[in-house]
2 protein chains.
Amino acid sequence: MKGKKEIVDLSSSLSEIWRVLSENERESIRKDARFVNYRKNEMIYFEDEYPKDLMCLLKGKVKIFKSGIGGRSQIIRMIRPIQYFGYRAYFANEPYVTAASAFESSTVCLISMEIIEDILRKNGDLAMFFIQQLSIDLGIADQRVVNLTQKHIRGRLAESLLFLKESYGLEEDGATLNIYLAREDLANLSNMTTSNAIRTLSGFVDERVIAMDGRKIKIIDEDKLRKISRMG
Amino acid sequence: MKGKKEIVDLSSSLSEIWRVLSENERESIRKDARFVNYRKNEMIYFEDEYPKDLMCLLKGKVKIFKSGIGGRSQIIRMIRPIQYFGYRAYFANEPYVTAASAFESSTVCLISMEIIEDILRKNGDLAMFFIQQLSIDLGIADQRVVNLTQKHIRGRLAESLLFLKESYGLEEDGATLNIYLAREDLANLSNMTTSNAIRTLSGFVDERVIAMDGRKIKIIDEDKLRKISRMG
DNA sequence: TTAGAATCATGTTGTTGAACACAAAAATAC
DNA sequence: GTATTTTTGTGTTCAACAACATGATTCTAA
């Protein structure tokens, strides 16, 4: 019935929740699932909109951000493939308090939250999946409050670089971050101005902690980076 | 079987979860529920401990905090009676990343998390209760990241005062905050040093936004306080 | 019981350093 | 070749910190 372009294999794409579902449950999700492509920098949802769908990133990179005081934006989290997002606001019964945009060309699978809620009310394993995700994210958010408020500028930037490494990994050379961020995005991730991101990055290059080539960032001395992240 | 001192009525004390439970489920909770009193400033749990129990504050006030860089502590949230806490770490399968202490003499009801997990895997309503709580808290944490990092010192303090009003209400005079915090705690809540909390509070008194008498804080001009909180 | 000691919370001030705004140049992308 | 991004420099603001003063409370030993 739905478009024929869905070559995507749901069972492997949504693996984490697929595992815990019955055949019936899978069927109702199959019927509803939609796939949407977003171009680089395209908005996926906006602050204050009402959430309707669970989203699972299949391909690409997505940033979740908030516009703060004077429109200054703060990146809250970054999403990588096979991560779910967009469900918090629905569960809290609120409009989105964040916005999401495709950081690079991305594919997202959408599933109606109402269907998900129906299923999880009967399926304890699925309920536990969301409880666990939310609990992990809440722990990260609590840690982030302390990191962003108490660490100094170098520590915050070092931490962001390590976070990007954990999230998206490295390229074949085993050193270059597998994501190319504008200085401005790096700044929004680390709670600093673009100027300071640039200055501090240059500092790291001088100290031979990283190397840069345009937006490519190579981690030279990860131990030292960790030390900076802990101390400053 | 259990101590006779439990005059506490579980059905009204745990009302929010009690409503959604079957008689069987209630019985297994009744059998396990324990009541513990904590004196002012006594620790309830410590960072890095393993979580075992769901906690429900029945009486008193509790603060959840993290020790950050150089032992500087950051208050993450404040708990008021009939709020649940202590479950996040269990669900995330982690040791506590925060600590909790009684802010004043408090009574807590403890229920084994294993029992709770067993029940919620079969009871979709209970599962939704925790999903909703976690979702709300995660939204607050995201907002908090922006508030604490982007607002200026006056805005952060103003926000904390309004938060305390929302959380614990006012005394009979309709103006005095129904919680007496040390300047240090106020500072830890607002991400500033004790000196700055004192300085900024004095400023608010000069501007006739609040009045102070020791630890008592009277909100004189709530509109102005809101304006300060919004503007930064 | 009370004078004094010790401790802690509160309040004040000056200094220092960090981070920001602004501006303007250089490099790069489209 | 125009626009955007990146880079560097300068002056200013702001908040952390240290050092210190004061007052309240608790403890203790005569």
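The rules behind the values
Residues numbered from 1 in each chain as written. Chains lettered and ligands numbered in written order. Predicted model: local features only at pLDDT ≥ 70, side-chain atom pairs only at ≥ 80, totals over all residues. Heavy atoms only, no water. Helix = DSSP H or I, 4+ residues; strand = E, 2+ residues; numbered from the N terminus. Domains from an automatic or database assignment. Contact = heavy atoms within 4.5 Å. Buried area = accessible area lost by both parts, 1.4 Å probe. Salt bridge = Lys/Arg side-chain N within 4 Å of Asp/Glu carboxyl O. Core = buried A, V, L, I, M, F, W, Y, C linked by side-chain atoms within 4.5 Å. Buried < 20%, exposed > 50% of the residue type's maximum accessible area, 1.4 Å probe, protein only. Expected span 1.5 Å × (residues − 1). 1 Å grid on protein atoms, 1.4 Å probe; cavity = no way out; pocket = protein on both sides within 12 Å on 5 of 7 lines; lining within 4 Å. Points joined across faces, edges and corners; volume = space filled by probe spheres on them. Nonpolar A, V, L, I, M, F, W, Y, C, P; charged D, E, K, R; others polar. Pairing = 2+ DSSP bridges. Arc of directions from axis to C-beta. Polar contact = N/O pair within 3.5 Å; in protein donor to acceptor, adjacent residues only side chain to side chain. Near = heavy atom within 4 Å.

Colleague: It is not clear to me how unusual backbone geometry should be interpreted in this structure. Could you clarify?
Modeller: Generally, phi is negative for residues other than glycine and the peptide bonds are trans, each holding for most cases. Despite not being glycine, N41 of chain A shows a phi value in the positive range, around 70°. Within the fold, N41 of chain A resides in the loop between β1 (34–38) and β2 (43–45).

Colleague: Mind showing me how you'd approach the domain arrangement of chain A here?
Modeller: A common way to report how large an interface is uses the accessible area buried once the components associate. Residues and elements named next belong to chain A. Domain boundaries assigned for chain A yield domain 1 (10–148) and domain 2 (152–231). The gap between the C-alpha centroids of domain 1 and domain 2 is 26 Å. Listed per partner, the contact involves 14 residues of domain 1 and 15 residues of domain 2. The contact between domain 1 and domain 2 buries some 1400 Å² in all, and 50% of this surface belongs to carbon and sulfur atoms. Summed over the shared surface of domain 1 and domain 2, the number is 1 salt bridge.

Colleague: Sorry, what's going on with the nonpolar core here?
Modeller: Residues L14 and F130 of chain A together with L14 and F130 of chain B are the most contacted members of the largest nonpolar core, which totals 58 residues. Among residues more than four places away in sequence, those in contact with L14 of chain A are I29, C56, L58, Y84, C109 and I111 of chain A.

Colleague: I'm lost on helix α9 (residues 194–206) of chain A in this one. Help?
Modeller: All names here are of chain A. Here α9 spans 18 Å end to end across 13 residues, near enough to the 18 Å set by a 1.5 Å rise per residue. Where α9 is buried, its residues meet α7 (153–168), α8 (183–190), β9 (210–213), β10 (216–219) and α10 (222–231). In the segment just after α9, R208 is the residue with positive phi, at about 60°.

Colleague: Would you explain the layout of surface pockets in this entry?
Modeller: Picture a little ball the size of a water molecule; that probe, rolled over the atoms, points out where space is still empty. Of the voids in this model, the largest pocket is the one considered here, and its volume is about 1300 Å³. Those elements that place two or more of their residues in the lining of the largest pocket are α6 (124–150) of chain A together with β5 (73–79), β6 (84–85), α4 (88–92), α6 (124–150), α7 (153–168) and α10 (222–231) of chain B. No other element matches the 12 residues that α6 of chain B contributes to the lining of the largest pocket. Here the lining of the largest pocket is built from residues that sort into 25 nonpolar, 10 polar and 15 charged.

Colleague: I'm lost on the interface of chain B and chain A in this one. Help?
Modeller: Contact with chain B, which involves 41 residues of that partner, is made by 41 residues of chain A. Interface area for chain B against chain A, summed over the two sides, is near 3900 Å², with a carbon-plus-sulfur share of 66%. Among the residues chain B hides against chain A, the three largest losses belong to I69, L138 and Q150 of chain B. Together they make up 17% of the total. Across the chain B-chain A interface, the total number found is 4 salt bridges. In this structure, the salt-bridge partner of D125 of chain B is R121 of chain A, at a minimum N-O distance of 2.5 Å. The element best represented in the side of chain B that touches chain A is α6 of chain B, accounting for 21 residues. Each residue belonging to the side of chain B that touches chain A can be placed in one class, and the counts come to 17 nonpolar, 13 polar and 11 charged.

Colleague: Is there a simple way to explain the pairing of strand β3 (residues 53–59) of chain A in this structure?
Modeller: A regular strand carries its side chains on alternate faces of the sheet. Residue and element names in this part refer to chain A. Within β3, 6 of the 7 residues are buried, which leaves the element mostly enclosed by the surrounding structure. In this structure, β3 lies alongside strand β8 (residues 106–112), joined through 6 bridges in antiparallel fashion. Each residue of the ladder has a partner; that of M55, found in β8, is L110. Bridge count between β3 and strand β6 (residues 84–85): 2 bridges; the pairing is antiparallel. If you follow M55 over to β6, its bridge partner there is F85.

Colleague: I keep staring at helix α5 (residues 113–122) of chain A and nothing clicks. Help me out?
Modeller: Given 3.6 residues per turn, any residue in an α-helix points the same way as the ones three and four places further on. Looking only at α5 of chain A, the buried set comprises M113, I116, E117, I119 and L120 of chain A. Projected onto a plane normal to the axis of α5 of chain A, the buried residues spread over an arc of 165° and lie on a single side. Turned more than 90 degrees away from the buried face of α5 of chain A sit E114 and K122 of chain A, all of them exposed. Those residues of α5 of chain A that are buried lie in contact with α3 (23–32), β3, α4 (88–92), β8 and α6 of chain A together with α6 of chain B. Its side-chain oxygen 3.2 Å from the backbone nitrogen of E114 of chain A, S112 of chain A forms the N-cap of α5 of chain A.

Colleague: Looking at this structure, I do not really get the protein's contact with DNA strand C. What am I missing?
Modeller: Contacts to DNA strand C come from 13 residues, most closely from I153 and N196 of chain A together with R183, R199 and R215 of chain B. Sugar plus phosphate: this is where 72% of the atoms of DNA strand C within 4 Å of the protein reside. Within the backbone of I153 of chain A, an N or O atom sits 3.1 Å from a phosphate oxygen of DNA strand C. Between DNA strand C and the protein, one listed contact pairs a phosphate oxygen with a side-chain N or O atom of R215 of chain B at 3.0 Å. Sorting the residues of the surface near DNA strand C by element identifies α9 of chain A together with α9 (194–206) of chain B as the ones contributing at least two each.

Colleague: I tried to follow the protein's contact with DNA strand D on my own but got confused; where do I start?
Modeller: The environment of DNA strand D is formed by 16 residues, the closest being R183, I198 and R215 of chain A together with I153 and N196 of chain B. Here DNA strand D approaches the protein such that, of its atoms within 4 Å, sugar and phosphate make up 71%. A distance of 2.7 Å separates a phosphate oxygen of DNA strand D from a polar side-chain atom of R183 of chain A. A distance of 3.2 Å separates a base nitrogen of DNA strand D from a polar side-chain atom of R199 of chain A. Going through the elements one at a time, α9 of chain A together with α7 and α9 of chain B are the ones with two or more residues in the surface near DNA strand D. Of the residues forming the surface near DNA strand D, the biggest block, 4 residues, is contributed by α9 of chain A.

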